[in-house]
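Overview (structure and organization)
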Amino acid sequence: MAKSVKTIGVLTSGGDAPGMNAAIRGVVRTAIHQGLKVKGIMRGYAGLLQEEIVDMDSTSVSDIIHRGGTILYTARCMEFTTPEGQEQGAEICRKHGIDGIVVIGGDGSFRGAGKLAALGINTIGVPGTIDLDIACTDYTIGFDTAVNTAMEAIDKIRDTSTSHERCSIIEVMGRNAGYIALWCGIANGAEDILLPERYDGDEQALINRVIENRKRGKKHNIIINAEGIGHSASMARRIEAATGIETRATILGHMQRGGTPTCKDRVYASIMGSKAALLLAEGKSNRLVAYKNGDYVDFDIQEALNMKKDIQEEQYEIAKMLVR
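- An unreviewed UniProt entry lists the chain under the name ATP-dependent 6-phosphofructokinase, from Candidatus Caccovicinus merdipullorum.
- In UniProt, the chain has this text filed under Subcellular location (unreviewed entry): "Cytoplasm".
- As recorded by UniProt, the Sequence similarities (unreviewed entry) comment attached to the chain reads in full: "Belongs to the phosphofructokinase type A (PFKA) family. ATP-dependent PFK group I subfamily. Prokaryotic clade 'B1' sub-subfamily."

1. Section: the sheet that holds strand E6 (residues 167–172)
- As summarised here, the arrangement of the four strands in space is E7-E8-E6-E9, forming an open sheet in which the pairing is parallel. A strand with exactly one partner marks an edge of an open sheet, and here the two such strands are strand E7 (192–194) and strand E9 (247–251). The mean inter-strand angle of the sheet, taken between neighbouring strand axes irrespective of direction, is 15 degrees.
- Sitting on the sheet, helix H5 (residues 143–163) is in contact with E6, strand E8 (221–226) and E9, with an inclination near 165 degrees to E6.
- Most of the contacts of helix H6 (residues 179–187) go to E7, to which it runs at about 175 degrees, and overall it touches E6, E7 and E8.

2. Considering the sheet that holds strand E2 (residues 37–41)
- Read from one edge to the other, the open sheet built from seven strands follows the order E3-E2-E1-E4-E5-E10-E11, with strand pairing classed as mixed. Single-partner strands in this sheet number two, and they are strand E3 (53–56) and strand E11 (295–300). Strand-to-strand twist across the sheet, computed as the mean angle between neighbouring axes with direction ignored, equals 25 degrees.

3. Description of the packing of aromatic side chains
- Summed over the entire model, instances satisfying the criterion amount to six aromatic pairs.
- Summarising the aromatic geometry, the rings of Tyr 268 and Tyr 296 are spaced 5.9 Å apart at their centres and angled 75 degrees between planes, so their arrangement reads as edge-to-face. Taken as a pair, Tyr 268 in helix H9 (residues 263–281) and Tyr 296 in strand E11 lie far apart in primary sequence, 28 residues in all.
- By relative accessible area, which is 17% here, Tyr 268 ends up buried.
- Owing to a relative accessible area of 25%, Tyr 296 belongs among the partly exposed residues under this scheme.
- Taken together, the aromatic side chains of Tyr 139, Tyr 268, Tyr 291 and Tyr 296 make up a single cluster linked through ring pairs.
- Positioned above the aromatic ring of Tyr 316 is the side chain of Arg 198, whose terminal nitrogen or guanidinium carbon lies 5.3 Å from the ring centre.
- Above the plane of the ring of Tyr 179 lies Lys 309, whose end atom (NZ or CZ) is 5.0 Å from the centre.

4. Some points on the UniProt feature "binding site: ATP" (unreviewed entry) in the chain
- Mapped onto this numbering, the UniProt entry annotates "binding site: ATP" (unreviewed entry) at Gly 15, Arg 76, Cys 77, Gly 106, Asp 107, Gly 108 and Ser 109. A stretch of 95 residues holds the annotated residues, and the largest C-alpha distance among them is 13.7 Å, short enough that they meet in one place.
- Looking at the element boundaries, Gly 15 is found in the loop between strand E1 (7–12) and helix H1 (20–33).
- Owing to a relative accessible area of 17%, Gly 15 belongs among the buried residues under this scheme.
- Apart from the residues within four sequence positions on either side, Gly 15 is in contact with Met 20, Arg 76, Gly 128 and Arg 257.

5. Observations regarding unusual backbone geometry
- At Arg 43, a position not held by glycine, the phi torsion is positive, near 60 degrees.
- With respect to the secondary-structure elements, Arg 43 resides in the loop between E2 and helix H2 (44–49).
- Even without a glycine there, the phi angle at Glu 51 is positive, about 60 degrees.
- Mapped onto the elements of the fold, Glu 51 is located in the loop between H2 and E3.
- Overall, Glu 51 belongs to the partly exposed group, its relative accessible area being 31%.

Cut-offs used in this document
Residues numbered from 1 in each chain as written. Predicted model: local features only at pLDDT ≥ 70, side-chain atom pairs only at ≥ 80, totals over all residues. Heavy atoms only, no water. UniProt positions renumbered as here; feature names shortened; annotations may be inferred. Pairing = 2+ DSSP bridges. Helix = DSSP H or I, 4+ residues; strand = E, 2+ residues; numbered from the N terminus. Axes fitted to C-alpha atoms, helices over the stretch in contact; angles between N-to-C directions. Contact = heavy atoms within 4.5 Å. Phe/Tyr/Trp six-rings, centres within 6.5 Å; stacked < 30°, edge-to-face > 60°. Buried < 20%, exposed > 50% of the residue type's maximum accessible area, 1.4 Å probe, protein only. Lys NZ or Arg CZ within 6 Å of the ring centre and 35° of its normal.

Okay, here's the thing in structure tokens:
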């Protein structure tokens, strides 16, 4: 039987992602439209345990849809990974009259959401991560903005790399997933793309391609390296020593998490946040909102966490044909 929900909380957890504010706005305004009260939980699960909880209304989320980051702030919380921390979190929810929570974050955040659901707090997850590594969904909030930010930065690096006839290794984020690297590799016309899911560690083959490209008259060589492989600076030193070609490493880093969200991140995040609030209004719990095959759907959180995801083989094969 569906549990009646009158007051919901919303929090952002883990790494921030452009579009999180649009999702928060979607949650708050949809919940209010459904006659629910809304409380914002600051700094993720850490803020929940510290009872950093504020009332939210429609004006609380005015003029935020275009802003990067998250107005609720975010933090990682080791304490909440323990049964004691989870029990405390559920008790604090009950103390503040919070019947359900929307958790916007990544897989670690959803594990916490599942624990709260088991303790009687209706919980809905929304995938907010630039890494695109949530298996049940084709889209995660922030990926589109992050990959566009990286693409624009790589275009600029290519200009100076060409001017100096360099080899450039550009490291993009993504944790252990290679989606940002793959998309940038294709979009930026890279000569090599190194993905955690596919890279075999054969650096000599990489060196040979740099030498062959120079012989064919290429004035630059762009190598996109995923964060999950890393070691870009030492790799650059080894390539320069082996080829005699000046090689520089650039780590784009956290700039990929910031900035004004793209139209896609604003719209998709708004819809996902709204759907999460509607699911809570229906008394649903332990669900994860997803975008799959063109539709907004929801999965059981544990089912979603058990799913596996890999780089699409067709995309990877096409990328290999294009990097020449």
